[in-house]
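# Examining the three-dimensional arrangement
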Amino acid sequence: MKMGITNWVAPGDKSGEFKRGQSQFRNFIQKGGEFPPEKGRYHLYVSYACPWAHRTLIVRQLKGLEDIIPYTSVHWHMQEKGWRFATPEDKDTPGVEVTADPVEGHEKYTHLRDIYFQVDPEYKGRFTVPTLYDVKQGKIVSNESSEIIRMFYTEFDDIIEDKYKNVSLYPKELQADIEASNEWIYPDINNGVYRSGFATTEEAYTKAVTTLFSSLDRVEEHLSETEGPFYFGKNITEADVRLYTTIVRFDPVYVQHFKTNIRDIRSGYPYIHKWLRNLYWNSPAFKDTTEFTHIKAHYTKSHTQINPCSITPVGPEPPILKEDEEVPAVKFALAMAAQK
Ligand SMILES: N[C@@H](CCC(=O)N[C@@H](CS)C(=O)NCC(=O)O)C(=O)O
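Rules used in this analysis
Residues numbered from 1 in each chain as written. Predicted model: local features only at pLDDT ≥ 70, side-chain atom pairs only at ≥ 80, totals over all residues. Helix = DSSP H or I, 4+ residues; strand = E, 2+ residues; numbered from the N terminus. Rg over C-alpha atoms; globule rule 2.2 N^0.38 Å. Buried ≥ 20, exposed ≤ 12 C-beta atoms within 10 Å, placed from the backbone. Contact = placed C-beta atoms within 7 Å. Axes fitted to C-alpha atoms, helices over the stretch in contact; angles between N-to-C directions. Parallel < 35°, antiparallel > 145°, perpendicular 65-115°, else oblique. Nonpolar A, V, L, I, M, F, W, Y, C, P; charged D, E, K, R; others polar. Near = placed C-beta within 6 Å. Domains from an automatic or database assignment. UniProt positions renumbered as here; feature names shortened; annotations may be inferred. Pairing = 2+ DSSP bridges.

Within the protein chain, the secondary structure is distributed over 13 helices and four strands. Computed over C-alpha atoms, the radius of gyration of the protein chain comes to 20 Å, within 12% of the 20 Å expected from 2.2 N^0.38 for 340 residues, which places it in the range of a compact globule. Within the span of the protein chain, comprising 340 residues, buried residues form 38% of the whole. Across the protein chain, contacts joining residues at least 24 apart in sequence account for 68% of those joining residues at least 6 apart.

Each pair of packed helices can be summarised by the angle the axes make with each other and by the distance between the axes. In the contact formed by helix α8 (residues 238-257) and helix α10 (residues 270-282), the axes pass within 11 Å of each other and the chain directions differ by 105°. Considering the angle they form, α8 stands roughly perpendicular to α10. On α10, the residues touching Asp 240, Tyr 244, Ile 247 and Val 248 of α8 are Ile 272, Leu 276, Leu 279 and Tyr 280. Of the residues belonging to the contact of α8 with α10, the class tally is seven nonpolar, no polar and one charged.

This next bit is on the site of the ligand. What surrounds the ligand is a group of 14 residues, the closest being Cys 50, Trp 52, Arg 126, Thr 128 and Ser 145. The residue inventory of the shell around the ligand, partitioned by class, reads six nonpolar, six polar and two charged.

Another aspect to go through is the environment of Gly 125. By the secondary structure assignment, Gly 125 is in the loop between α2 (112-119) and β3 (131-134). When neighbours within four sequence positions are excluded, Gly 125 is seen to be in contact with Gly 21 and Gln 24.

Once that is clear, we can look at the domain arrangement of the protein chain. In terms of domains, the protein chain is made up of domain 1 (42-165) and domain 2 (172-290 + 299-329 + 332-336). A C-alpha centroid distance of 24 Å is found between domain 1 and domain 2. Contacts between the two partners involve twelve residues from domain 1, matched on the other side by 15 residues from domain 2. For the side of domain 1 that touches domain 2, the element with the most residues is helix α1 (residues 51-62), which contributes eight residues. Among the residues making up the side of domain 1 that touches domain 2, the classes are represented as eight nonpolar, three polar and one charged.

Per the UniProt annotation, the sites labelled "site: Lowers pKa of active site Cys" (unreviewed entry) are Tyr 254 and Tyr 299. Their sequence span is 46 residues, while the largest C-alpha to C-alpha distance among them is just 8.9 Å; these annotated residues converge on one region. Tracing the sequence through the fold places Tyr 254 in helix α8. Within the secondary structure, Tyr 299 is located in helix α12 (residues 292-302). Overall, Tyr 299 belongs to the buried group, with 24 C-beta atoms counted inside 10 Å. Setting aside its immediate chain neighbours within four residues, Tyr 299 contacts Ala 49, Val 253 and His 257.

Quick look at the sheet that holds β3 now. As summarised here, the arrangement of the four strands in space is β2-β1-β3-β4, forming an open sheet in which the pairing is mixed. Edge positions in the sheet fall to β2 (71-73) and β4 (139-142), since each has one partner strand and no second. Between one strand axis and the next, the sheet turns by 30° as a mean value, whatever way the strands run. Summarising the sheet, strand β1 (residues 42-46) and β2 pair through three bridges and their orientation is parallel. Counted as the bridge partner of Leu 44 is Tyr 71 from β2. Relative to β3, α2 is tilted by about 50°, and along the sheet it contacts β1, β3 and β4.

Attention now moves to the pairing of β4. Relative to β4, β3 is paired through three bridges, and the arrangement is antiparallel. Each bridged residue has a counterpart across the sheet, and for Tyr 133 the counterpart in β4 is Ile 140. Between the end of β3 and the start of β4, which pair antiparallel, lie four residues, with Gly 138 showing a positive phi angle near 65°.

This is how it looks when you write it as structure tokens:
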């Protein structure tokens, strides 16, 4: 079998472990650099389904960059040629807004890969979202979400509205703590769900899923010991953004699709559940950018090696509970406790 876009474990790799490749475009937006900050100059390609792209949408909104950096979300269905743009035939597809690639000169582009090949006809890497594209020069600035969000934190500060200037997602005094949490949350949790779900041996799966849950236990313990409401206290930081995009997909998709089912969030992790719902219901940058239709349809219908009939499970309903709602067992326990 040759390595195709939908082989998540390299054919012949006996370990059965999913190994994520390195992003290929790693430039930075910077004053005076090759990619200077400018309104309307950069276009962000995302998929609402993708947790890495989701980071960039949240930060774009938290930093008030909506008028400065336009974006396009691809269709949720990823097939052999990778992500594609929606077409007029998709007009009745739930959740899909029909948006062709709006960038001038891209009228004929049907897939995200067309942009990668325009930039580099010899490109051999993967065609991933998010992709930050410089419209003026016809170049890709970056396809690495962890670096795109950091550019958004500071590099546009001279052209955003004043009220967003002191939104600091990576404040000096917390940088060491944020780096330390990224160090295990990325491999064990953000990528850990993929390592569980894409594993092709029992051993690789079991190793990934048990590591994932010990790290979720660690997050739970951390949240039970801090005042909150955010990961590092009173203000939203990078740690919240990076954890949120995995946790909000956990119950609706990962528990069944990636078999990360030792527990779920809503019944197994009260502190994470509280932290998650606070972000979703009280901070518009999180709720507005969370599209459950894309999230559920993408994973369940694109990964046919895991789900060959592409049936999208109906539950859990709702995909996220209101802040004053609980699963019946929790509600019952609370009612019993109140009677005592
Ligand atoms: N390291 C990248 C990972 C991005 C990534 O893997 N995106 C997935 C979607 S969730 C993708 O576009 N995959 C397409 C492919 O690998 O062919 C980042 O964080 O930006």
